[in-house]
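Close look at the chain arrangement
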Amino acid sequence: MRSIIEKEQQKRQQKEHTIHMQRLIQEGGYISPDEYLWEDILVGVALKKPILLKGPSGAGKTKLAQSISHFFNQPMHSVNCSVDLDAESLLGFKTIVQKDGETMIEFVEGPVVKAMKEGHILYIDEINMAKPETLPILHSVLDHRRMLTNPFTGEVIYAHEDFTVISAINEGYVGTSPMNEALKNRFISFSIPYLSGEELRKVMESDFPDASKQLIDTMMNIGNELKKQVMNGLLSDEAASIRSLLDAISLAEHISVKRAIRYAIAEKLEDQIERNLIMELVDTWVK
Ligand SMILES: Nc1ncnc2c1ncn2[C@@H]1O[C@H](COP(=O)(O)OP(=O)(O)OP(=O)(O)O)[C@@H](O)[C@H]1O
Ligand SMILES: [Mg+2]
């Protein structure tokens, strides 16, 4: 592990926690598709760069952010973006409270303000679902200034040195808008692919320690085949979603593998031809 990561980890958490946290990563944490990705992202975090995770649904983006939170023993605040996201849901809002018989106005801090002050992780999910005019409020938070003037209170907030921003996007999905260039420019970006091969097997075995080897082997073959067909352009990206594959394994521990794959993978796809193709592929792997 690169020394900048270790140094940062020790700084952000008590030393005795380090070993415990590393174990957590191995058991059910994010599994890197290659030997670099996980560590490269940690280097970005250690250097206090905002991190953008780009990848299809079920590729492990949220799991990765949670694993970083465990690794640095640092709480995480999440914001789920939608067209309704406004400055209040990011920064907080004013409310009326009664204190010692007096009526006062108090500001309830939102996730951005809390994470900045406490030095926590801010996870902004589906950042390209937000209306483009909402996010410029974060520009000064995301660049070298690492500060914000709260428009509701006038307070100038300088981020704690451990404050970390991680965002995730599914590029090109319905309802998303292309990310504004100035916003995108502030992030270091990583493509998060669907796992395959031995890494995929590791996730399956760690999530389903009691599953038979035969079931894991079958699902590995199906997973690899689905990924191949996605690359051939015959299936849409989500057909190879790791989330769906893991759902199929959990069903297949109780019902037939074919039905499990139908419900967890095939039925989610819009296109009838794709649904049929998946079930045909399954027929070749499951007798
Ligand atoms: N590389 C990986 N390592 C460990 N678990 C993974 C990995 N990829 C996917 N998973 C598992 O797949 C499931 C879906 O992952 P997750 O929710 O993180 O996906 P996501 O990329 O955030 O999807 P979405 O864009 O739909 O929010 C989880 O159960 C997660 O543990
Ligand atoms: Mg997610």
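Residues numbered from 1 in each chain as written. Chains lettered and ligands numbered in written order. Predicted model: local features only at pLDDT ≥ 70, side-chain atom pairs only at ≥ 80, totals over all residues. Heavy atoms only, no water.

You'll find the protein chain entered in an unreviewed UniProt entry as AAA+ ATPase domain-containing protein, with Sporosarcina ureilytica given as the organism.

Here we take up the nonpolar core. Core analysis: the biggest nonpolar cluster contains 58 residues, and I41, I68, I192, M204, M219, I261 and I278 have the highest contact counts within it. The greatest single-element share of this core, amounting to seven residues, is contributed by helix 10 (residues 213-231). Mapped onto the domain boundaries, this core takes at least three residues apiece from domain 1 (3-83 + 114-191) and domain 2 (197-285). Not counting residues up to four positions away in its chain, the partners in contact with M204 are I216, M219, M220, L245, L246 and I249. Membership of the second largest hydrophobic core comes to 27 residues, among which are L85, L90, I124 and L183. (Core = buried A, V, L, I, M, F, W, Y, C linked by side-chain atoms within 4.5 Å. Buried < 20%, exposed > 50% of the residue type's maximum accessible area, 1.4 Å probe, protein only. Helix = DSSP H or I, 4+ residues; strand = E, 2+ residues; numbered from the N terminus. Domains from an automatic or database assignment. Contact = heavy atoms within 4.5 Å.)

Before going further, it helps to spend a moment on the packing of helix 3 (residues 37-46) against helix 4 (residues 61-71). Taken N-terminus to C-terminus, the directions of helix 3 and helix 4 make an angle of 60 degrees; their axes are 12 Å apart at the nearest point. In terms of orientation, helix 3 and helix 4 fall into the oblique class. Seen along the crossing, helix 3 lies across helix 4 with a hand that is right-handed. Residues W38, I41, L42 and V45 of helix 3 touch helix 4, and the partners they reach there are L64, S67, I68 and F71. Of the residues contributing to the contact of helix 3 with helix 4, the split by class is seven nonpolar, one polar and no charged. (Axes fitted to C-alpha atoms, helices over the stretch in contact; angles between N-to-C directions. Parallel < 35°, antiparallel > 145°, perpendicular 65-115°, else oblique. Left-handed = near helix turned anticlockwise from the far one by under 90°. Nonpolar A, V, L, I, M, F, W, Y, C, P; charged D, E, K, R; others polar.)

In summary, the side chains of a regular strand alternate between the two faces of the sheet. Covered by surrounding structure in strand 2 (residues 76-80) are H77 and V79 only, the residues M76, S78 and N80 on the alternate face being uncovered. Pairing of strand 2 with strand 5 (residues 121-125), which is carried by five bridges, proceeds in the parallel orientation. Across the sheet, N80 pairs through a bridge with D125, a residue of strand 5. (Pairing = 2+ DSSP bridges.)

Turning next to the domain arrangement of the protein chain. Where interface size is quoted, it is often the accessible area lost as the parts come together. Partitioning the protein chain into structural domains gives domain 1 (3-83 + 114-191) and domain 2 (197-285). Distance between the C-alpha centres of domain 1 and domain 2: 30 Å. Summing the contributions of domain 1 and of domain 2, the shared interface buries around 670 Å²; its carbon and sulfur component is 55%. Linking domain 1 with domain 2 are zero salt bridges, by the criterion used here. Remark: the boundary between domain 1 and domain 2 carries four residue pairs in polar contact (both at pLDDT 80 or more). Of the residues that constitute the side of domain 1 that touches domain 2, the class distribution is four nonpolar, four polar and no charged. (Buried area = accessible area lost by both parts, 1.4 Å probe. Salt bridge = Lys/Arg side-chain N within 4 Å of Asp/Glu carboxyl O. Polar contact = N/O pair within 3.5 Å; in protein donor to acceptor, adjacent residues only side chain to side chain.)

Let us now look at the confidence of the model for the protein chain. In the predicted model, the protein chain carries a mean pLDDT of 91, and the fraction of residues at 70 or more is 94%. Confidence drops under pLDDT 50 across residues 18-26; counting only partners more than four residues distant or on other chains, this segment forms 15 contacts. (pLDDT = per-residue confidence, 0-100.)

This part takes up helix 3. In an α-helix there are 3.6 residues to a turn, and that puts residues three or four apart on one side. Among the 10 residues of helix 3, nine are classified as buried, and the element is accordingly described as predominantly covered. For helix 3, the full list of buried residues reads L37, W38, E39, I41, L42, V43, G44, V45 and A46. K48 lies just past helix 3 and shows a positive phi near 65 degrees.

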